[in-house]
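# Architecture and fold: a report
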Amino acid sequence: MYDKQIYVNNAPIVPYNVVIDYIGGRKDYHFVSQFPQGKNTMVASGTAATVLSGPKTEVSTCTLTLGLDPNQLLLHIPITVPTSAHATELAHRIIQHHNLPVFMHQELSTKLKAFIEEKTEEYYRQQDSRALQAFQDGTVTTSHIVSQWKSRMKQKTNSENENRERDIFAAMYHSVVHSPAATNLLSLEHSYANAVSSIVAKKEEEVKALAERHTKEMESAVSAVGSRLTDDDVNALSARHIDESQFTEARWDSKITALREEQSREFKNFVFEAHAGREVTTPMSPKDISIANMDMILVEAEPNQEESFTIHLGAQMKQMHNLRLLSADVLQLCKYQTHDAIDIPPQRIQTSMSLYSHNLNGVVLLVDDRINTYTGIKRDFGRVCSRSTELHFPGLEDQLEKVRELVSDVVQWRRDNPPPQYECDEDSSPVPVPQHLKAGDFYVTRHSNLADVHLVYHMIVDDSLRSSDINSRHPVILGLRNVLKVACLGDVTTLTLPLLLTHTMSEEMTMSWCQKRAELVYKCVKGFMMEMASWGGAEMNNMQFLVPKGISEELFQNLATMLPSIFRVSNPLVIKSS
């Protein structure tokens, strides 16, 4: 579904210093243009080459002439070799940024392609010569080369084997869930979720009771200081409480981990056997689960305010989209809603059948810049994920750990590639690079154990969203555009995003504040949706705008009335014949 889990908003693209001299006796002009480089190459300061991965690079200046006298142009274009940039696209960007005649595109593209091929071949020829010379001089030994090849081949083989096993299991599961064996498969998943949810509820109950007992003991000890106890006694009691709490947490975590590992192993065996056509029995059924704590497991369906619209967007080839305005808790979309612990929730059926398909569901979750599940909505989301075993992807904590490992690479990349400086910005001091993700960045986690969600886009936000003066260039607004683009390329056809860019109501969110914010998001999302045709990937058929739960009915109706006026919902024309 996704090979990368972290995305950077407003990533600075690499500056190219393209010098254009007008030969026909006219004044020389010097322009600065911008062109993105390949994933293995980056240019810094226009002359030096910086390598992030792959072989070292070098910059070669392509000098060529375009056109005929007396309006002939002489171009000096620095090009990083090797590069993954396509000559045709590079020529188009040069012509577009410097307002050159369009008829020069073919000539420029041909000459750039020939130059890149020549310099790339020369570069690799020099690399080969240096490698052979190092081998002849004894700088590099045969054993060193063999060990490097062995290490790289081992890494590649392990990665290919993991990908192959994952793809095979995905194909098997998709086949089984669309076969008559789907009922047993979904019953097994449901029973697993109930089992884990039951033991998690017991853990939370014991931890809560333990915390209450510790509080009473500590209050009693503090009140007795100076008469029967000393400060050392209170410190010893506090240390004993900490040890007891850690021991209890570790004991329950060990049980839950063992249960999840057993469920994952049994689930894979069940899928393999069912795909092979052999009759298999489910290891457990929902009736085997203790229902003592079912009130902690089930989520009753709550009435929501919602409005739905159908629109057509596009200049010529119009595409139909379904828009939905919904007032609910964002985590409510992730929880299974059922009235019976034995019956399989319909959301589970829908989520499982579309898990390995081209019709995925995504939701945007607004979080702070700390990548964990300790506070706020991140903690609540982590609790929802912990209620059942993740049978297809790594657990939430494992995915977040991979994201944390990538943050240092993102920070370093931003340091090596600052935004381009222009003449009007010479007096301004460079903006310091933060040591963490900033507003507008987001990372993606994959899930198979949530109700109506396959992908969660964790969008980084800050306190600037509380202001009513944000505009379409705000980092979070631009981050929403990147989310839509990544979602389209990831086969997401249903996306839910917060209309007011917040999940809770606060005092400063007056009627006018909410209407102004909703109008901004509506208009920006409409523009982003009209760009989708050029992005490729899946069509975003369903777009859901989520407002905080508990919003007033009057405000909800105002937002619902605003939506068709901005998206211009088409109503059928009814002609009555007299």
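Each remark here, short or long, concerns the structure printed above.
Residues numbered from 1 in each chain as written. Predicted model: local features only at pLDDT ≥ 70, side-chain atom pairs only at ≥ 80, totals over all residues. Heavy atoms only, no water.

### Observations regarding the overall build of the protein chain
Assigned secondary structure in the protein chain consists of 12 helices and 16 strands. Buried positions account for 42% of the 578 residues belonging to the protein chain. The long-range fraction of contacts in the protein chain, counting pairs at least 24 apart against all pairs at least 6 apart in sequence, stands at 72%. Carbon and sulfur atoms make up 52% of the accessible area of the protein chain, which amounts to about 31,900 Å² in all. (Helix = DSSP H or I, 4+ residues; strand = E, 2+ residues; numbered from the N terminus. Buried < 20%, exposed > 50% of the residue type's maximum accessible area, 1.4 Å probe, protein only. Contact = heavy atoms within 4.5 Å. Areas by Shrake-Rupley, 256 points an atom, 1.4 Å probe, with all protein chains shown as cover.)

### Focus: the nonpolar core
Counting residues in hydrophobic clusters, the biggest one holds 57 residues, and the most contacted among them are Tyr457, Leu499, Tyr522, Met543, Phe545 and Leu559. Element by element, the count of residues in this core is highest for helix H11 (residues 511-535), at 12 residues. When near neighbours in sequence (up to four residues on either side) are disregarded, Met543 contacts Asn322, Leu323, Arg324, Leu484, Leu495, Leu497, Val525, Met529 and Met532. Core analysis: the second largest hydrophobic core is formed by 26 residues, Val367, Val384, Leu396 and Leu450 among them. (Core = buried A, V, L, I, M, F, W, Y, C linked by side-chain atoms within 4.5 Å.)

### Re a nonpolar patch on the surface
On the surface, Phe135, Ile145, Trp149 and Met153 cluster together to form a nonpolar patch covering roughly 420 Å² of accessible area. Sort the elements by how many residues they give to the nonpolar patch and helix H3 (residues 142-177) lands first, with 3 residues. Summarising the element assignment, Trp149 is placed in helix H3. (Patch = residues over 30% accessible without salt bridge, like charges linked within 9 Å, V, L, I, M, F, W, Y side chains within 5 Å. Salt bridge = Lys/Arg side-chain N within 4 Å of Asp/Glu carboxyl O.)

### Brief notes about the pairing of strand S14 (residues 455-460)
Along any regular strand, the residues point their side chains to alternate faces of the sheet. The buried fraction of S14 amounts to 6 of the 6 residues, a majority that puts the element mostly inside the structure. Neither face of S14 is left uncovered, since the one carrying Leu455, Tyr457 and Met459 and the one carrying Val456, His458 and Ile460 both have all their residues buried. Summarising the sheet, strand S12 (residues 360-367) and S14 pair through 6 bridges and their orientation is parallel. Each bridged residue has a counterpart across the sheet, and for Leu365 the counterpart in S14 is His458. Bridge analysis of strand S13 (residues 442-446) against S14 gives 5 bridges, and the strand direction is antiparallel. (Pairing = 2+ DSSP bridges.)

### Concerning empty space enclosed by the protein
For the structure shown, the criterion picks out 4 cavities of 30 Å³ or more. Approximately 120 Å³ is the volume attributed to the largest cavity. Among the secondary structure elements, those contributing two or more residues to the lining of the largest cavity are helix H4 (182-223) and helix H7 (346-353). In the lining of the largest cavity, the residues fall into 5 nonpolar, 7 polar and 2 charged. (1 Å grid on protein atoms, 1.4 Å probe; cavity = no way out; pocket = protein on both sides within 12 Å on 5 of 7 lines; lining within 4 Å. Points joined across faces, edges and corners; volume = space filled by probe spheres on them. Nonpolar A, V, L, I, M, F, W, Y, C, P; charged D, E, K, R; others polar.)

### Examining the packing of H4 against helix H5 (residues 231-275)
Two elements in contact, H4 and H5, have axes separated by 11 Å at closest approach and are oriented at 180°. Classified by the angle between their axes, H4 and H5 sit roughly antiparallel to one another. Partitioned by chemical class, the residues of the contact of H4 with H5 number 19 nonpolar, 7 polar and 13 charged. (Axes fitted to C-alpha atoms, helices over the stretch in contact; angles between N-to-C directions. Parallel < 35°, antiparallel > 145°, perpendicular 65-115°, else oblique.)

### Quick word on the environment of Thr83
With respect to the helices and strands, the residue Thr83 is situated in the loop between strand S9 (73-81) and helix H1 (87-98). Engagement of the side chain of Thr83 in a polar contact is seen with the backbone nitrogen of Ala85, the distance being 3.1 Å. (Polar contact = N/O pair within 3.5 Å; in protein donor to acceptor, adjacent residues only side chain to side chain.)

### Structural notes on unusual backbone geometry
With the exception of glycine, most residues fall at negative phi, and the peptide bonds are largely trans. With an omega of -5°, the peptide bond running from Val81 to Pro82 counts as cis. A positive phi angle, close to 60°, is found at Leu501, a residue other than glycine. Inspection of the secondary structure assignment puts Leu501 in the loop between strand S15 (492-498) and H11. By relative accessible area, Leu501 is classed as buried at 4%.

### Some points on the pattern of salt bridges
Applying the stated criterion across every chain yields a total of 18 salt bridges. In this structure, Glu217 engages Arg213 in a salt bridge whose closest nitrogen and oxygen atoms are separated by 3.0 Å. Remark: Arg213 and Glu217 occur in helix H4; sequence separation between them is 4 residues, near one turn of the helix. Between Asp368 and Arg370 there is a salt bridge; the shortest N-O distance is 3.1 Å. Residue classification places Arg370 among the partly exposed residues on the basis of a relative accessible area of 48%. Overlapping salt bridges, with partners in common, bring together Lys203, Glu249 and Asp253 in one network.

### A look at H7
Three or more residues of H7 are buried, namely Gln347, Arg348, Thr351 and Ser352. For H7, the arc enclosing every buried residue in end-on projection is 125°, short of the 170-degree limit, so these residues lie on one face. Turned more than 90 degrees away from the buried face of H7, the exposed residues are Pro346 and Gln350. In this structure, the buried side of H7 is in contact with H3 and H4. (Arc of directions from axis to C-beta.)

### A short note on helix H2 (residues 105-137)
With 33 residues, H2 extends 47 Å from end C-alpha to end C-alpha; this agrees with the ideal 48 Å at 1.5 Å per step. Here H2 has its buried residues at Leu108, Ser109, Leu112, Phe115, Ile116, Thr120, Tyr123 and Ala134. The secondary structure elements touched by the buried residues of H2 are strand S8 (58-66), S9 and H1. Looking one or two residues past H2, Gly138 carries a phi angle of roughly 85°, positive in sign. (Expected span 1.5 Å × (residues − 1).)

### Focus: the packing of aromatic side chains
Evaluated as defined, the whole model comprises 10 aromatic pairs. Note on Phe169 and Phe267: the rings are 6.3 Å apart at their centroids and 65° apart in plane angle, and the pair reads as edge-to-face. Here Phe169, found in helix H3, pairs with Phe267, found in helix H5; they are 98 residues apart in sequence, far enough to count as distant. Like Phe267, Phe169 is buried. Summarising the aromatic geometry, the rings of Tyr356 and Phe393 are spaced 6.5 Å apart at their centres and angled 50° between planes, so their arrangement reads as tilted. Highlighted residues: Tyr356 in the loop between H7 and S12 and Phe393 in the loop between helix H8 (376-386) and helix H9 (396-416), separated in sequence by 37 residues. Owing to a relative accessible area of 22%, Tyr356 belongs among the partly exposed residues under this scheme. Take Phe393: its relative accessible area is 9%, and that puts it in the buried class. (Phe/Tyr/Trp six-rings, centres within 6.5 Å; stacked < 30°, edge-to-face > 60°.)

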